[in-house]
Amino acid sequence: MISQTVKYQQTGQPMQTITDFQHEVEEFENIWIPMPDGVQLAARLWKPKGSEQAPVPAILEHLPYRKGDGTRARDNLTHPYMAGHGYACIRVDMRGNGNSDGLMEDEYSQQELDDAVSVINWLCDQVWCDGNVGMMGISWGGFNGLQVAAMQPPALKAVITLCSTDDRYADDIHYKGGCLLNENLGWGATMLSYSSRPPDPAHVGEKWREIWLERLENQPLLSDLWLRHQTRDDYWKHGSVCEDYAKITAAVLAVGGWADAYSNAIPRLLSNLKSPARGIIGPWIHKYPHFATPEPRIGFLQEALRWWDKWLKGIETGVMHDATYTAYMMDGIAPKTSYSERPGHWVTEPEWPSDNIQMLPFFLNHGLLQQTADPWRDMHYRSPQDTGQASGEFCPIWMGADMPGDQRVDDAGSLCFDGAPAVEDIELFGAPVLDLEVAVDQPKALIAARLCDVGPDGASSRITYGLLNLCHRQGHDRPEDMPVGKPVRLRLQLDDIAYRLPKGHHLRLSLSTAYWPMVWPSPKPVTITIEPGKSILELPMRMETRTDNVDFPPPEGASPQQRETLREASNSRTVMKDMESGVSILTIEDDFGLGRDLDTGLATGSTAREVYRIHPDNPLSANMETSWTQELIREGWHVRTATELGMWSDETHFHISASLEAFEDDKRIFEKHWKETIPRDWL
């Protein structure tokens, strides 16, 4: 192989760009795949030359994010690399997106999954495919890879799923612990902006405008749809493979990052799948591990090849001799809102659950975490509604200042319990669990629990956290009001983590009744009462602490996208306090820049803005607004979309307003408005 060293996104460990492979690669920019109902899906294909004579396995990625421009940068790094090692790689635009025909109704619809199965069947009919297929994808593509695997198409032998989940209700951008995530509106706004863009006339010809207008007219307001399902009903059970893990018979490699929102699914998959499964979690945000931050990155594509070679080609690569679970044990360091690198070390567990992890109990005494109960006196607290300003993004993805910062500002609005300084390093590996006896003064309430690492200087770093809508204490499908003033026993599981608490640091458990702007507040201010000595925090301690011999290869990729920058990208995240009104305002601004792909000549650009407002004394003052613009430019062709969404609530209902505008050569050719009122259902 011939390689050269480049910097991807100008940060971090150098990536080796591979330009000479075992197989010469041929690329097809746009091909059409017919669906049974006549809709044609657009796809980009890379395959080894000569595969018509010597067929190869195929690897499918099925997404709504536009192969021509949306994921082009990462596709260029990944799919030609796999093709160069003897695979046909196909990147398909879902119906209603990119250059594909049809209309999109929702995420993970049965139509989407049926289309993926049809693509797999089509692949098997091609002379260059040997009939063995894998699915790989991150986020949306990671979700539907698992969901299609549960449908058991015979050709699908293996899946690599990254940053995804097995439970659409418990671990996606809609609800967490039964609490409404504000990302439900935020990502709905993103999808309205993404999916309302037109196809590229360079590939669909003159009919692009007709397709675009039909697409615009039929754009779903997904935030509204998702908010009409506030408990774990059949809507969320569809596509949640946790309903029956046994339906997945394909081999599964599950990959994620501790800075991502989807790491919990990996230990669950390892614990429940009967098919061959392995898991890897690094320190990363919501990105592929060969170019993610924080460092260290790994040679993910080499690891993927080991998986594919084993399950699609039958080559013994040793992957099933690897540990079941490999994770990056992050060192405790000072809190920052952005990390280029995270110190730590790799650890492995041969099986999961592991006998090497023991749950050690600590009692919540009067302001202290102790190993013996001390039932002294009740503790009461009412959190300001703006508690949570240091939470960072629910799912860091854009590489801005999105990580949780110093938690002292949120600790000040919380009921805190501090442990003693550690006399030696302590490794936490797994999911902490809170067994609480709690009373509240309102029938509808939530608890946010944060486990923090407090350094000798007092700086507080969030290790992990969990949320619980107390009306869901019996289950997300069995809500009921809290009895006012009556102590109730409940269980709250925090997110999985691998974290080394340094000697001299101490743990802090912080409990709050608000966590804005991550989750929508309860309808009234809530006072929480904790009875000391009756509540317990169980911590997953790794008993044998060692640095394991994990030798990931360095990151590699194919030649990166060649792109001309026309406008530089920028981002900002600011928190302000209006000193006259007392309102707290968080503003997030992301300009993703404007650039032209030098291979296709297509220029693309986008901007996004989110504003969250709340008064610390009034949960009904909560409101959020988000806006997006998208721009596509070719010689003689210029289109733009602008979307806006907003939400507020009263005690009984949520209120959503939205708009979509489309412009051709700066002339508005379409506009649509929504106003929706949705009852609050145990929220």
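Predicted, not measured: the structure shown is a model, and the values here were computed from it. (Residues numbered from 1 in each chain as written. Predicted model: local features only at pLDDT ≥ 70, side-chain atom pairs only at ≥ 80, totals over all residues. Heavy atoms only, no water.)

**So, the overall build of the chain**
Move 1: For the chain, the count of helices and strands is eleven helices and 36 strands.
Move 2: Its C-alpha atoms give the chain a radius of gyration of 25 Å, near enough to 26 Å, the size a compact globule of 683 residues would have.
Move 3: For the chain, the C-alpha atoms occupy an extent of roughly 80 × 60 × 45 Å along the three principal directions.
Move 4: By the burial criterion, 64% of the 683 residues in the chain qualify as buried.
Move 5: Counting only contacts in the chain whose residues sit at least 6 apart along the sequence, the fraction spanning at least 24 positions is 74%.
Move 6: By element, 48% of the accessible surface of the chain is carried by carbon and sulfur atoms, the whole surface being about 24700 Å².
Move 7: Separation of charge centres in the chain, based on 63 positive and 98 negative side chains, amounts to 1 Å. (Helix = DSSP H or I, 4+ residues; strand = E, 2+ residues; numbered from the N terminus. Rg over C-alpha atoms; globule rule 2.2 N^0.38 Å. Buried < 20%, exposed > 50% of the residue type's maximum accessible area, 1.4 Å probe, protein only. Contact = heavy atoms within 4.5 Å. Areas by Shrake-Rupley, 256 points an atom, 1.4 Å probe, with all protein chains shown as cover. Lys, Arg positive; Asp, Glu negative; His and termini not counted. Charge placed at Lys NZ, Arg CZ, Asp CG, Glu CD.)

**Observations concerning the environment of Tyr245**
Move 1: Locating Tyr245 in the fold gives a position in the loop between α8 (234–237) and β11 (251–257).
Move 2: Among the residues examined, Tyr245 registers a relative accessible area of 12% and is labelled buried.
Move 3: C-alpha of Tyr245 to C-alpha of Ala304: the two residues are 59 residues apart in sequence and 22 Å apart in space.
Move 4: Apart from residues lying up to four places away in sequence, Tyr245 is in contact with Asp166, Arg268, Leu269, Asn272 and Leu273.
Move 5: In terms of polar contacts, Tyr245 uses its side chain to reach the side chain of Asp166, at 2.4 Å. (Polar contact = N/O pair within 3.5 Å; in protein donor to acceptor, adjacent residues only side chain to side chain.)

**Focus: the sheet that holds strand β25 (residues 506–512)**
Move 1: Read from one edge of the open sheet, four strands run β18-β25-β21-β22, paired in antiparallel fashion. In this open sheet, the two strands that pair with only one neighbour each are β18 (415–418) and β22 (460–469). Here the average twist between neighbouring strands, direction ignored, is 20°.
Move 2: Pairing geometry for β18 and β25, over four bridges, is antiparallel. Bridging across to β25, Asp418 finds its partner in Arg508. (Pairing = 2+ DSSP bridges. Axes fitted to C-alpha atoms, helices over the stretch in contact; angles between N-to-C directions.)

**So, the environment of Ala439**
Move 1: Residue placement: Ala439 occurs in strand β20 (residues 433–440).
Move 2: The spacing of Ala439 and Glu661 is 222 residues in sequence and 48 Å in space, taken between C-alpha atoms.
Move 3: With residues near it in sequence (within four places) discarded, Ala439 still touches Gly485, Lys486, Pro487, Thr527, Ile528 and Thr529.

**Thoughts on the nonpolar core**
Move 1: Grouped together as the largest cluster of nonpolar side chains are 126 residues, with contacts concentrated most on Trp308 and Leu511.
Move 2: Not counting residues within four places of it along the chain, the set of residues in contact with Leu511 comprises Leu364, Ser414, Leu415, Phe417, Leu434, Leu436, Ile447, Ala448, Ala449 and Ile530.
Move 3: If you look at the next biggest cluster of nonpolar residues, it comprises 65 residues, including Leu180, Leu192, Tyr515 and Trp520. (Core = buried A, V, L, I, M, F, W, Y, C linked by side-chain atoms within 4.5 Å.)

**Digging into the pattern of salt bridges**
Move 1: Counted under the stated rule, the structure contains 53 salt bridges.
Move 2: The closest approach of N and O atoms between Arg268 and Asp171, which form a salt bridge, is 2.8 Å. Taken as a pair, Arg268 in helix α9 (residues 265–272) and Asp171 in the loop between β8 (156–162) and β9 (175–176) lie far apart in primary sequence, 97 residues in all.
Move 3: Arg268 sits in the partly exposed class, given a relative accessible area of 27%.
Move 4: With a relative accessible area of 7%, Asp171 lands in the buried category.
Move 5: Between Glu664 and Arg209 there is a salt bridge, with its nearest N and O atoms 2.6 Å apart. Pair noted here: Glu664 is in strand β35 (residues 653–664) and Arg209 is in helix α6 (residues 208–217), with a separation of 455 residues, a long-range link.
Move 6: Judged by relative accessible area, Arg209 falls into the partly exposed class, the value being 33%.
Move 7: Here the salt bridges do not stand alone but share partners, grouping Glu27, Glu29, Arg44, Arg72 and Asp597 into one network. (Salt bridge = Lys/Arg side-chain N within 4 Å of Asp/Glu carboxyl O.)

**Some details on the pairing of β8**
Move 1: Across the seven residues that make up β8, a large majority, six, are buried.
Move 2: Pairing between strand β7 (residues 129–138) and β8: six bridges, direction parallel. Bridging from a neighbouring strand, Ile138 pairs with Leu162 of β8.
Move 3: Crossover connection from β7 via helix α3 (residues 140–151) to parallel β8: handedness right-handed. (Right-handed = clockwise from strand over helix to strand, strands pointing away.)

**A few points about the packing of aromatic side chains**
Move 1: All chains considered together, the criterion is met by 30 aromatic pairs.
Move 2: Note on Tyr465 and Tyr515: the rings are 6.0 Å apart at their centroids and 45° apart in plane angle, and the pair reads as tilted. You can see Tyr465 sitting in strand β22 and its partner Tyr515 sitting in the loop between β25 and β26 (527–530), a full 50 residues away along the chain. Tyr515 shares its class with Tyr465; the two are buried.
Move 3: Following the ring pairs from residue to residue traces out a cluster consisting of Tyr65, Tyr108, Trp140, Phe143, Trp187, Tyr194, Tyr262, Phe592 and Trp628.
Move 4: The aromatic ring of Tyr235 is capped on one face by Arg168, whose charged end is 5.2 Å from the ring centroid. (Phe/Tyr/Trp six-rings, centres within 6.5 Å; stacked < 30°, edge-to-face > 60°. Lys NZ or Arg CZ within 6 Å of the ring centre and 35° of its normal.)

**Description of the confidence of the model for the chain**
Move 1: Confidence in the prediction for the chain averages 95 pLDDT; 98% of positions are at 70 or higher.
Move 2: Predicted confidence for residues 1–12 stays below pLDDT 50, and this span has 32 contacts to residues more than four positions away or in other chains. (pLDDT = per-residue confidence, 0-100.)

**Some remarks on helix α10 (residues 300–313)**
Move 1: Along its 14 residues, α10 runs 19 Å from first to last C-alpha, staying within 8% of the 20 Å computed at 1.5 Å per residue.
Move 2: With ten of 14 residues buried, α10 is to be regarded as a mostly interior element.
Move 3: Of all the residues in α10, the buried ones are Phe300, Leu301, Gln302, Glu303, Ala304, Leu305, Trp307, Trp308, Asp309 and Leu312.
Move 4: Residue Gly314 follows α10 closely and has a positive phi angle near 75°. (Expected span 1.5 Å × (residues − 1).)

**Some thoughts on the packing of helix α2 (residues 110–125) against α3**
Move 1: For the pair α2 and α3, interaxial distance at closest approach is 10 Å and the crossing angle is 75°. On the basis of their axis angle, the class for α2 and α3 is roughly perpendicular. Residue-level contacts link Gln110, Glu112, Leu113, Asp114, Ala116, Val117 and Ile120 of α2 to Trp140, Asn144, Gln147, Val148 and Met151 of α3.
Move 2: In terms of residue class, the contact of α2 with α3 is made up of seven nonpolar, three polar and two charged. (Parallel < 35°, antiparallel > 145°, perpendicular 65-115°, else oblique. Nonpolar A, V, L, I, M, F, W, Y, C, P; charged D, E, K, R; others polar.)

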